[in-house]
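# Secondary and tertiary structure notes
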Amino acid sequence: SQLKTIIQGIPKAELHLHLEGSFEPELMFEIAKRNNIVLPYDSIESVKAAYKFNNLQEFLDIYYAGAQVLLYEQDFFDLTWAYLTKVHSENVVHVEVFFDPQTHTERGVAFDIVINGIHRALEKAKTDLNISYKLIMSYLRHLSEEAAFETLKASLPFKDIIDGIGLDSSEMGNPPSKFKEVFKASAKQGYKLVAHAGEEGPADYIWEALDILKVVRIDHGNRCLTDGALVKRLVDEKIALTLCPTSNVALKVIQKMNEHPVAKMLEKGIIATIHSDDPAYFGGYMNENYYQTAKALNLSLGQIQQLAINAFEASWMSTAEKENRI
Ligand code: ADE
Ligand code: ZN
């Protein structure tokens, strides 16, 4: 369709993508086989059939299980490289991607194995595909702040290749305030800060992410529209929201795409942006997220372009880098 052609033609930046969430069943089977791991599924079709979720936690359980087959540096390289070649074909020219070190270190895979594989793929994409990148290390919020401190410590030898810190996993019952001290310590190390907030959790968690963690972007933030003072704060301080529409439908954060808050957010002057979150699990990379949103909400060409421009504006590229990319 014409809309798909337009979206394909727009250079895009992806700011909310979990590398472990880009793990396609085909690659999962291939890596399981070479690592002699038996998956609890007998075929790629039966894996895909299991991807039906009623909430964030049901997804997370399957997402962490899938990551268990990743053992060696080459596995992390292959995972990252598959994502980068895919988005390259969709005219994504800049990525700021998350990885969850604790998903791997908790089961005995060393931090350096994980990050070296990821970093090698990102560097290759910079050279071969002209994709620029930043790397964000997320703390798992269902684990303790002490465990996050250990992760911070493990990251320090790789400080030069990690740009920022994120906070993800089970939101309800794990408010941003739980990670106050480790975010403060992370900022002292020079890391930029973001956090998932207001995906399933309340607008209060977005306030906490801003006031207590001092983040510069909010991942998701869907729930902000219930709080007028918060909307004003986001607009006044130019705090971007990295929204993930197909994720929101898949995890029942919203019931239907035409209920997605992104159009209202743009109207209110919020720097709203669109991304894919965990595309292997939710069935859509960047272009599909733009397409489904634009179609369901009847977005104008101007609004679609605004979403793409917002992502470059909210990215961590320098002004000179931005001019080079758009
Ligand atoms: N980890 C991967 N995807 C996530 C999401 N959408 N919310 C919280 N944690 C996640
Ligand atoms: Zn996410």
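Please refer to the structure placed before this passage.
So, how was this worked out
Residues numbered from 1 in each chain as written. Chains lettered and ligands numbered in written order. Predicted model: local features only at pLDDT ≥ 70, side-chain atom pairs only at ≥ 80, totals over all residues. Heavy atoms only, no water. Donors = N, O, S within 2.8 Å, 3.2 Å for Na, K, Ca; no water. Tetrahedral: all angles 85-135°; square planar, octahedral: opposite > 155°, others 65-115°. Helix = DSSP H or I, 4+ residues; strand = E, 2+ residues; numbered from the N terminus. Buried < 20%, exposed > 50% of the residue type's maximum accessible area, 1.4 Å probe, protein only. Pairing = 2+ DSSP bridges. Axes fitted to C-alpha atoms, helices over the stretch in contact; angles between N-to-C directions. Salt bridge = Lys/Arg side-chain N within 4 Å of Asp/Glu carboxyl O. Right-handed = clockwise from strand over helix to strand, strands pointing away. Core = buried A, V, L, I, M, F, W, Y, C linked by side-chain atoms within 4.5 Å. Contact = heavy atoms within 4.5 Å. Expected span 1.5 Å × (residues − 1). Near = heavy atom within 4 Å. Polar contact = N/O pair within 3.5 Å; in protein donor to acceptor, adjacent residues only side chain to side chain. Areas by Shrake-Rupley, 256 points an atom, 1.4 Å probe, with all protein chains shown as cover. 1 Å grid on protein atoms, 1.4 Å probe; cavity = no way out; pocket = protein on both sides within 12 Å on 5 of 7 lines; lining within 4 Å. Sits in = over half its atoms within 2 Å of the grid points. Phe/Tyr/Trp six-rings, centres within 6.5 Å; stacked < 30°, edge-to-face > 60°. Points joined across faces, edges and corners; volume = space filled by probe spheres on them. Nonpolar A, V, L, I, M, F, W, Y, C, P; charged D, E, K, R; others polar.

Each donor-metal-donor angle in an ideal tetrahedron of four donors is 109.5 degrees, and each such angle in an ideal octahedron of six donors is either 90 or 180 degrees. Protein-derived ligands of the zinc ion (ligand 2) are His16 (NE2), His18 (NE2), His196 (NE2) and Asp277 (OD), with the metal-ligand distances lying across 2.0 to 2.2 Å. Viewed at the metal, the four donor atoms of the zinc ion (ligand 2) are separated by angles of 83 to 174°, and the geometry they form is irregular. Mapping the donors of the zinc ion (ligand 2) onto the primary sequence yields the spacing H-x1-H-x177-H-x80-D. In this pair, His18 is assigned in the loop between strand 1 (12-14) and helix 2 (25-34) and Asp277 in the loop between strand 8 (272-274) and helix 14 (279-282), connecting sequence segments 259 residues apart. Both residues of the pair, His18 and Asp277, belong to the buried class.

The topology assignment puts Lys153 in helix 8 (residues 145-155). Taking the relative accessible area as the measure of exposure, Lys153 reaches 64% and is therefore exposed. For the pair formed by Lys153 and Glu181, sequence separation is 28 residues and the distance between their alpha carbons is 14 Å.

Taken in spatial order, the eight strands line up as 1-2-3-4-5-6-7-8 in an open sheet, and their pairing is parallel. The open sheet has two free edges, formed respectively by strand 1 and strand 8, since each of these has just one partner strand. Averaged over all adjacent pairs, the angle separating strand axes in this sheet is 25°, with direction ignored. When strand 7 (residues 240-243) meets strand 8, the two strands line up parallel, connected through three bridges. In the strand pairing of strand 8, Thr242 is matched with Thr273.

Evaluation of the coordinates by the stated rule reveals eleven salt bridges. We note a salt bridge from Arg34 to Asp78, for which the minimum N-O separation is 2.8 Å. With Arg34 in helix 2 and Asp78 in helix 5 (residues 73-88), the pair connects residues that are 44 residues apart, well separated along the chain. Residue Arg34 is classed as partly exposed on the basis of its relative accessible area, which comes to 37%.

The alternating pattern of strand 7 places Ala240 and Thr242 on one face and Leu241 and Leu243 on the opposite face, and all of these are buried. Summarising the sheet, strand 6 (residues 217-220) and strand 7 pair through three bridges and their orientation is parallel. Of the residues in strand 7, the one forming a bridge with Asp219 is Thr242. Between strand 6 and its parallel partner strand 7, the chain crosses via helix 11 (residues 228-236), and the hand of that crossover is right-handed.

Take the nonpolar core next. In this structure, Val95, Phe183 and Tyr281 are the most contacted members of the largest nonpolar core, which totals 100 residues. Ranked by residue count, the leading element in this core is helix 7 (residues 111-129), at eight residues. With near-sequence residues (within four places) excluded, Val95 lies in contact with Glu14, Tyr83, Leu84, Val87, Leu122, Ile131, Ser132, Tyr133 and Lys134. Ala13, Leu15, Phe312 and Ala314 belong to the second largest nonpolar core, which has nine residues in total.

Taking 1.5 Å of rise per residue, 19 residues should cover 27 Å, and helix 7 covers 26 Å from first to last C-alpha, within 8% of that figure. Buried within helix 7 are the following residues: Phe111, Val114, Ile115, Gly117, Ile118, His119, Ala121, Leu122, Ala125 and Leu129. Packed against the buried residues of helix 7 are helix 5, strand 2 (92-99), helix 6 (101-105), strand 3 (132-140) and helix 8.

A word on the site of ligand 1. What surrounds ligand 1 is the set His18, Leu56, Phe59, Leu60, Tyr63, Asp168, Ser169, His196, Glu199, His220, Asp277 and Asp278. At 2.8 Å from a nitrogen atom of ligand 1 is found a main-chain nitrogen or oxygen belonging to Ser169. In this structure, a nitrogen atom belonging to ligand 1 sits 2.6 Å away from a side-chain N or O atom of Asp277. Protein contact buries 100% of the 260 Å² of open area that ligand 1 shows by itself. At a threshold of 2 Å from the grid points, most atoms of ligand 1 map onto the largest cavity. A per-element tally of the shell around ligand 1 places helix 4 (residues 56-67) first, with four residues.

If you walk through the whole model with that rule in mind, you get 13 aromatic pairs. Each ring, one from Tyr51 and one from Phe53, has its centre 6.2 Å from the other, and the planes form 25°; the classification is stacked. Comparing Tyr51 with Phe53, the two get one shared label, buried. A centroid spacing of 5.6 Å and a plane angle of 80° characterise the contact between Phe53 and Phe59, whose relative ring orientation is edge-to-face. Members of the aromatic cluster, connected to one another through ring pairs, are Tyr51, Phe53, Phe59, Tyr63, Tyr64, Tyr281 and Phe282.

Throughout the structure, instances matching the rule amount to one cavity of 30 Å³ or more. Together, 14 residues line the largest cavity, and His18, Leu56, Phe59, Leu60 and His196 are the ones closest to its centre. When residues in the lining of the largest cavity are grouped by element, the largest group, five residues, is from helix 4. Residues belonging to the lining of the largest cavity are distributed by class as follows: five nonpolar, four polar and five charged.

Purely spatial values, then, with no claim about function.
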